[in-house]
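What follows is the residue order along each chain.
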Amino acid sequence: MDMTRIRDRMVEHHVTRRGIRDPGVTEAMRTVPREKFVPPGSEEFAYEDAPLAIGQGQTISQPFIVALMLEKANLDAGDTVLEVGTGSGYASALLSRVARHVYSIERHEALALQAKQRFEKLGYRNIDVRVGDGSKGWAEAAPFDAIIVSASAPEVPTALKEQLGLGGRLIIPVGRCDAQRLKRVTRTGDAAFEEEDLGGVLFVPLIGEDAWTATHPMYTATAPSLEGTLASEPSSPQDAQGGGMGKIHPLPALPEGVVDYTEFQQTYWAVQRISWIVFTLLLLTCLLGLLGRGGPFSRQTLLLADGSVDFPVISRWNAPENMTVNFTPSSEDRVFTIDAAFLQTFSVQGIDPPQKATFVREGRIGYVFPADPAGPTRIVFRLQTQLPGPRPTIIGMDGETRSQSTFIFP
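As recorded in an unreviewed UniProt entry, the protein goes by the name Protein-L-isoaspartate O-methyltransferase, listed as coming from Rhizobium ruizarguesonis. According to its UniProt record, the protein has this under Sequence similarities (unreviewed entry): "Belongs to the methyltransferase superfamily. L-isoaspartyl/D-aspartyl protein methyltransferase family." What UniProt states about the protein under its Catalytic activity (unreviewed entry) heading is, verbatim, "[protein]-L-isoaspartate + S-adenosyl-L-methionine = [protein]-L-isoaspartate alpha-methyl ester + S-adenosyl-L-homocysteine".

Written as C-alpha cells, this is what we have:
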C-alpha cells in the first residue's frame, strides 16, 4: 500500500482544507509515517481524521487537532519544545521535524518506552523522553520556546507557565469533560502572560500534582514514586527525576481520549466499508444502466469471415436490445448459426432478404442465406427475456464460430 499518497491525501483533506497553513507543520505531516505510531492491526485507519486507542486508556489524537496545536504554537526551526503527554509519540515526531529539539514527558512507562523505540527506528534523534509528572514539566531543560500539552488540566499548571521563555507559547486544553477549551498562553514578561481561547476540544485528563489528582474526585490517582528518564541522546538533562505518578483508578466514560474506542472504531469502520461497497455497487448499476441503453461500451462488433455481428455486451430488458448480423454481398450461399438455447433470450425479429433454409444440427440453429451479389443481407434478433444474468452463446458463419455472452439486468 502506498502510504505516501494516503498521507498526502490526509494532509489535503483533513488539514489544509480545514485552514492549517503553516508549511512546516504540513510538511512534517507529509513526512512522518503516522501508521508507525498506531497499534498493530490499526494501520489501515491511521490516516482517518479520528482518534485511535493506543492502550493505557490513552489515544492518538485526530490529525487535524495535532496540526492545529502545532500551528498555534508558532514553531521555528531553532525552537526547543516540551510536549506533555508523549502517548504514541506521533506529536513529538512531528515536532522534531519542525523544531531543533523536543523534550517529551509521559506518565505511562510502557507508552514512553514504545515511543522511544519508534523514534530510534525512524532515526529521530532530537527527541528526549522521560517518564514522570507532566504537570510539573521538565525544569532541567527549561526555558522552552513552546510547550504543547496533549491532555486536559483543570487550570493551566503554574510550573509549565514558569518554564516558558520570554515570548514562549503554551498550548493546553483546560477544563473537564465537554467543557474543555484549548488555550494559548504567551509569556510577555517575567510575571506577565497573555491567554487566548482557541475553541472547544476533548482530551484525556492530565494526571499530576498540578492537574487532576485526589483533590479532583472526577479523576483520582494513587501516587507511588515512578522515577526515570529515557534519553535518546547524551544531551538529556542529568539527574532528572520522574514525577510521582503511577497506576490510576478506572476513569469515567468520556469522549475522545478517555474511553478505549477500539471496539467502537472497528464497528464504525466495518459499517463504513460496507456502506462504500453498497454505494459502489449502486453506482456501478447506474453506470451499467446507462451503458445498457446503447452506450459506447455496451456493444461490440464481432468480425467474421463474410460479415459482422453487432453484439450487445450489456442488455436491459426495459430498453429492448437488438443483435444485428450483417452479411457482405456475396455470389455464394452462406450459413449463419447460433446455439438454440440463446433463442430463449433473443428471438428472431427479421431477416432481410429472407433466408433460403433453416436447420438444427448438434444443438445449433443454422440459417442458410442465398447468394446476393447485389447488396448486403441482415438478420435482427430482439431481446425477449426478463431473467437477469449472463447469457452465453456460440455464433458463427460457415465454419467459423465465436463464443460470446451478454449480461442482462433490470
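Continuing now.
Participant: Teacher, can you tell me more about the side chain of D372 here?
Facilitator: Structurally, the position occupied by D372 is in the loop between β18 (364-369) and β19 (377-383). Ignoring sequence-local partners within four residues, the contact set of D372 consists of P329, S330, P353 and T377.

Participant: How should I be thinking about the pairing of strand β11 (residues 299-304) in this particular structure?
Facilitator: Within a regular beta strand, the side chains point alternately toward one face of the sheet and then the other, so they alternate between its two faces. Two strands pair when backbone bridges link them, and β11 and strand β12 (residues 307-312) are joined in this way by 6 bridges, in the antiparallel orientation. Residue L302 lies in a different strand from β12, and its bridge partner there is V309. Taking the residues between adjacent antiparallel strands as the criterion, β11 and β12 are bridged by 2 residues.

Participant: Sorry if this is basic, but what is going on with the sheet that holds strand β20 (residues 389-397) here?
Facilitator: Sheet strands pair by backbone hydrogen bonding; their relative direction is either parallel or antiparallel. The sheet built from 6 strands is open, its strands ordered β13-β21-β20-β15-β18-β17 with mixed pairing. Taken across any chain shown, the strands that pair with only one partner, and hence form the sheet edges, are β13 (314-316) and β17 (357-361). Strand-to-strand twist across the sheet, computed as the mean angle between neighbouring axes with direction ignored, equals 25 degrees. Here β13 pairs with strand β21 (residues 400-409) via 3 bridges, running parallel. What sits directly across from I314, in β21, is F407.

Participant: How should I be thinking about the sheet that holds β12 in this particular structure?
Facilitator: Here 5 strands make up an open sheet; going across it, the order is β11-β12-β14-β19-β16 and the pairing antiparallel. One side of each edge strand has no neighbouring strand; the edge strands of this open sheet are β11 and β16 (346-352). Geometrically, the sheet is characterised by an average inter-axis angle of 15 degrees between neighbouring strands, direction not taken into account.

How each quantity is defined
Residues numbered from 1 in each chain as written. Predicted model: local features only at pLDDT ≥ 70, side-chain atom pairs only at ≥ 80, totals over all residues. Heavy atoms only, no water. UniProt positions renumbered as here; feature names shortened; annotations may be inferred. Helix = DSSP H or I, 4+ residues; strand = E, 2+ residues; numbered from the N terminus. Contact = heavy atoms within 4.5 Å. Pairing = 2+ DSSP bridges. Axes fitted to C-alpha atoms, helices over the stretch in contact; angles between N-to-C directions.

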